[in-house]
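Observations on chain architecture
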Amino acid sequence: MPNLKLSAWEIVEIARNPKRKTALDYINRIFDDFIELHGDRKFKDDKAIVCGLARIEKQNFTIIAEQKGRTTKENIERNFGMPNPESYRKAIRFMKQAEKFKRPVVTFIDTKGAYPGIGAEERGQGEAIAKSMFEMAKLEVPVISIVIGEGSSGGALAIGVANKVFMLENAIYSILSPEGYSSILWKDSSKYKEAAEKMKLTAKDLYDLKVIDKIIKEPQKDGEVDFEKLANNLKKEIVNAINELKNLEPKKIVQNRYEKFRNMGEYIKL
Amino acid sequence: MIVDKIKKREVQTVKNKKSKVDIPIGKWLKCEKCGEILYKEAVTNNLNICPNCGYYFRMHIDKRLDLIIDQGTYERFNLDIETTNPLNLEDYPKKLKTLREKTGLKEAVACGTGNINGEKVVICIMDSGFLMGSMGVVVGEKITYSIEQAIKQKLPLVIFSVSGGARMQEGIISLMQMAKTTSALTKLDKAGLLYISVLTDPTYGGVTASFASLGDIILAEPKAMIGFAGQRVIEQTIGEALPQGFQTAEFLLEHGFIDKIVERKDLKDTIYKLIQFHKGGEK
Ligand SMILES: [Zn+2]
């Protein structure tokens, strides 16, 4: 259990490590016959989110995944995993098809955040994120979201309104980056390590806060993550969750998801 | 998700304080836009608009209520709640207490029912004076509760947004309020009820990326700054200056993200008129 010794900031560094497995690594390892399909049918194909169809045995799935690159070239193509509004509109298109063809949806979350750019604002980044959550909340098929790396801000949550939210042991999920947090709250961007500790962004913190449903362990082998083992475990968890949810009436599936998010955050009655 | 634009304005205010004019506190204020020293009452009597240049000052909840809701008809929801301070920040509860005393507000949003020219609505009004109108669990819960009340009472919903976004002090719990309010709006939509979202200066971040952008009708006040990402963040990311008029209400109208820009003096009658066009959709 080496993780007990890791500080929150060390986990942030692991989550951001360019060598860390990306969404497509998981998709190709866990699912059969993944076929990527492109475009939002409105403006373009934004490559920070990958959409497509895949199977596990006889069960079909719709896949929606935030995809980072590993090389500079890949990262430029993927916009460093920071979606433009078109990515969310593409995601919405695939959510609706998932419902039409009764396929469960699996989303992979891994982003520094939605892209802050002129074009992104011109094309309604805020509206795209809001609409993505809105459509996701209504889906009458099971939805599972897995935070695999960095889950930062509304750009992550936009594809995270799921019946079950899983999170890898060394992934992070937060309101924004620790750097941004310390600079906004403490007017001092150098206090990012302290911010990481304060923000409750680790899988354990988020499990305790009931933001996520399950922590997926990252088993080690020879000082590295045993990806085969990890992927197998994740696959089992996906199958189990789908088996639990798929026989529910469509309305119950929606209600199950609704109640989860309706109860987000405790408060004190005065 | 807090706006940088706001910071810029604060900087301007600090500069203004250095000017040689000695402004007696309480009676006078300086226009943030044109710099004119104004008699406070003249501004208040002018719907909080600068009589010199037409700049829209931000409005306190009470003033906004006076402007929009028929006198004596507002009934606040009986929902007095407080954050659990989920990140255990030492100074956050103290900050909230100080703000409550200073602003006379309980939180960054007030919610209840009231009449608009005799039409009963559920009304939510945010206030930038309370931690920049940011959304933590209290704001998220009150907005969600209001949506549920609109469904229960079969009433139109009107939300006046002004917000820097999700509230930093409550971390991920604030972020989750985006999903909470949005999920509730799916039910309002299904119930066939009208939701009018009014964007006022400034509306940013997690509020823009949730309920503020999901109105059946979206109105905005002239020149209000509205966006997802803050301007400084965008400038730092792209490494260039932003175009003139970027993220103004006029910019959003041009790009198709709001229905109409409405002057402050016309807001009440416009909302009333829109409600008339939407009768009969309730399920
Ligand atoms: Zn002025």
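Residues numbered from 1 in each chain as written. Chains lettered and ligands numbered in written order. Predicted model: local features only at pLDDT ≥ 70, side-chain atom pairs only at ≥ 80, totals over all residues. Heavy atoms only, no water.

Overview of the overall build of chain B
The following threshold applies: To qualify as a helix, a DSSP run of H or I must reach at least 4 residues; to qualify as a strand, a run of E must reach at least 2; elements of each kind are numbered from the N terminus. With the radius of gyration taken over C-alpha atoms, the globule rule is written as 2.2 Å times the number of residues to the power 0.38. Classification of residues uses two cut-offs on accessible area relative to the type maximum, computed with a 1.4 Å probe and protein chains only: under 20% is buried, over 50% is exposed, and between them is partly exposed. Contact definition: two residues touch when any of their heavy atoms are within 4.5 Å.
Across its full length, chain B holds 10 helices and 10 strands. Its C-alpha radius of gyration of 19 Å places chain B within 12% of the 19 Å reference for a compact globule of 283 residues. Seen along its three principal axes, the alpha-carbon backbone of chain B occupies a region of about 60 × 45 × 40 Å. A total of 283 residues make up chain B; the buried ones form 58% of that total. Pairs at least 24 apart in sequence give 69% of the contacts found in chain B among residues at least 6 apart.

Details of the coordination of the zinc ion
All names here are of chain B. Worth spelling out the cut-off: For Na, K and Ca the donor cutoff is 3.2 Å, while for all other metals N, O and S atoms must lie within 2.8 Å; water is not among the atoms, so some sites may look incomplete. Tetrahedral means four donors with every angle between 85 and 135 degrees, whereas square planar (four donors) and octahedral (six donors) require angles over 155 degrees between opposite donors and between 65 and 115 for all others; sites fitting neither are termed irregular.
Coordination of the zinc ion by the protein involves Cys31 (SG), Cys34 (SG), Cys50 (SG) and Cys53 (SG), with metal-donor separations of 2.2 to 2.4 Å. Geometry at the zinc ion is tetrahedral, judged from the 4 donor atoms that bind it and their angles of 105 to 112° at the metal. Counting residues between consecutive donors of the zinc ion along the chain gives the motif C-x2-C-x15-C-x2-C. Exposure remark for Cys53: the relative accessible area of 36% places this residue in the partly exposed category.

Considering the domain arrangement of chain B
Residue and element names in this part refer to chain B. Here is the rule we go by: Where each domain begins and ends follows an automated or database-derived domain assignment. Buried area: the accessible surface (1.4 Å probe) lost by two parts on joining, summed over both. Here, a salt bridge means any Lys or Arg side-chain nitrogen found within 4 Å of an Asp or Glu carboxyl oxygen. What qualifies as a polar contact is a pair of N or O atoms within 3.5 Å, subject to a donor-acceptor requirement within protein and to the restriction that residues adjacent in sequence count only when both atoms come from side chains.
By the assigned domains, chain B splits into domain 1 (1-57) and domain 2 (59-277). Distance from the C-alpha centre of domain 1 to the C-alpha centre of domain 2: 23 Å. Summed over both partners, the interface of domain 1 with domain 2 buries about 1800 Å², with 62% contributed by carbon and sulfur atoms. For the interface between domain 1 and domain 2, the tally reads 0 salt bridges. Here domain 1 and domain 2 share 5 residue pairs in polar contact (both at pLDDT 80 or more) between them. Looking at the side of domain 1 that touches domain 2 element by element, the count peaks at 6 residues for helix α1 (residues 4-18).

Some points on a positive patch on the surface
Just so we agree on the cut-off: A patch consists of residues exposed above 30% relative accessible area that lack any salt bridge, with like charges linked at up to 9 Å and nonpolar side chains (Val, Leu, Ile, Met, Phe, Trp, Tyr) linked at up to 5 Å. Here the Shrake-Rupley method, with its probe set to 1.4 Å, supplies the accessible areas, and only the displayed protein chains count as covering residues. Charge assignment in this entry is limited to Lys and Arg as positive and Asp and Glu as negative, and neither His nor the chain termini are counted. By convention, charge coordinates are those of NZ in Lys, CZ in Arg, CG in Asp, or CD in Glu.
A cluster of basic residues, Lys251 of chain A together with Lys187, Lys190 and Lys283 of chain B, forms a positive patch at the surface. Examined against the element boundaries, Lys251 of chain A turns out to sit in helix α12 (residues 250-262). Using a relative accessible area of 59% as the deciding quantity, one classes Lys251 of chain A as exposed.

Section: the nonpolar core
To keep it simple, the criterion reads: As used in this record, nonpolar core signifies buried Ala, Val, Leu, Ile, Met, Phe, Trp, Tyr and Cys residues forming a set joined through side-chain atoms within 4.5 Å.
Judged by nonpolar contacts, the single largest core of 167 residues is most densely connected at Phe31, Phe108, Tyr173 and Ile238 of chain A. Ranked by the residues each element gives to this core, the list is headed by helix α6 (residues 171-190) of chain B, at 9 residues. Setting aside residues no more than four positions away along its own chain, Phe108 of chain A makes contact with Ala23, Tyr26, Ile27, Phe31, Ile63, Ile64, Ala65, Glu66, Ile146, Ile148 and Ile159 of chain A. In terms of nonpolar packing, the next biggest core, distinct from the first, is built from 7 residues, Cys31, Leu38, Cys50 and Tyr55 of chain B among them.

A few points about the packing of α12 of chain A against α6 of chain B
Worth spelling out the cut-off: Angles run from 0 to 180 degrees between N-to-C directions of axes, and those axes are lines fitted to C-alpha atoms, restricted for helices to the stretch in contact. Orientation is classified from the angle alone, with under 35 degrees giving roughly parallel, over 145 giving roughly antiparallel, 65 to 115 giving roughly perpendicular, and any other angle giving oblique. Handedness of a helix crossing follows the sense of rotation of the near helix relative to the far helix, less than a right angle counterclockwise being left-handed and clockwise being right-handed. The nonpolar class holds Ala, Val, Leu, Ile, Met, Phe, Trp, Tyr, Cys and Pro. Asp, Glu, Lys and Arg form the charged class, and all remaining residues, Gly among them, are polar.
Where α12 of chain A meets α6 of chain B, the axes come as close as 8 Å, and the angle between the chain directions of the two elements is 135°. What the angle tells us is that α12 of chain A and α6 of chain B run oblique. Considering only the axes of α12 of chain A and α6 of chain B, their crossing is left-handed. Where α12 of chain A approaches α6 of chain B, its residues Gln255, Tyr258, Phe261 and Arg262 of chain A are matched on the opposing element by Met176, Ala179, Lys180, Ser183, Ala184 and Lys187 of chain B. Across the contact of α12 of chain A with α6 of chain B, the residue classes break down as 5 nonpolar, 2 polar and 3 charged.

Here's the deal with the side chain of Lys180 of chain B
Its location among the elements puts Lys180 of chain B in helix α6. Of note is the side chain of Lys180 of chain B, whose polar atom sits 3.0 Å from the side chain of Gln177 of chain B. With residues near it in sequence (within four places) discarded, Lys180 of chain B still touches Phe261, Arg262 and Met264 of chain A together with Val137, Gly140, Glu141 and Thr144 of chain B.

Considering the pattern of salt bridges
The full count for this structure, using the stated rule, is 38 salt bridges over all chains. Here Glu218 of chain A makes a salt bridge to Arg20 of chain A, at a shortest N to O gap of 2.8 Å. Residue Glu218 of chain A is located in the loop between β8 (214-216) and β9 (220-221), and its partner Arg20 of chain A is located in the loop between α1 (8-16) and α2 (23-30); the two are separated by 198 residues in the primary sequence. Here Glu218 of chain A and Arg20 of chain A have matching classes, each one buried. Residue Lys265 of chain B pairs with Asp266 of chain B through a salt bridge whose shortest N-O separation is 3.2 Å. When its relative accessible area of 52% is taken as the criterion, Lys265 of chain B is described as exposed. One continuous salt-bridge network, built from bridges that share partners, spans Arg16, Lys68, Asp110, Lys112, Glu150 and Glu179 of chain A.

Things to note about the pairing of strand β6 (residues 164-168) of chain A
One face of the sheet, then the other: side chains in a regular strand alternate in exactly this way. All names here are of chain A. For the record, the criterion: When DSSP finds two or more bridges between a pair of strands, those strands are recorded as paired.
In terms of burial, β6 is a largely internal element, 5 of the 5 residues being buried. Neither face of β6 is left uncovered, since the one carrying Lys164, Phe166 and Leu168 and the one carrying Val165 and Met167 both have all their residues buried. As paired elements, strand β5 (residues 143-152) and β6 share 4 bridges and run parallel to each other. The residue bridging Ile146 from the neighbouring strand is Phe166, located in β6.

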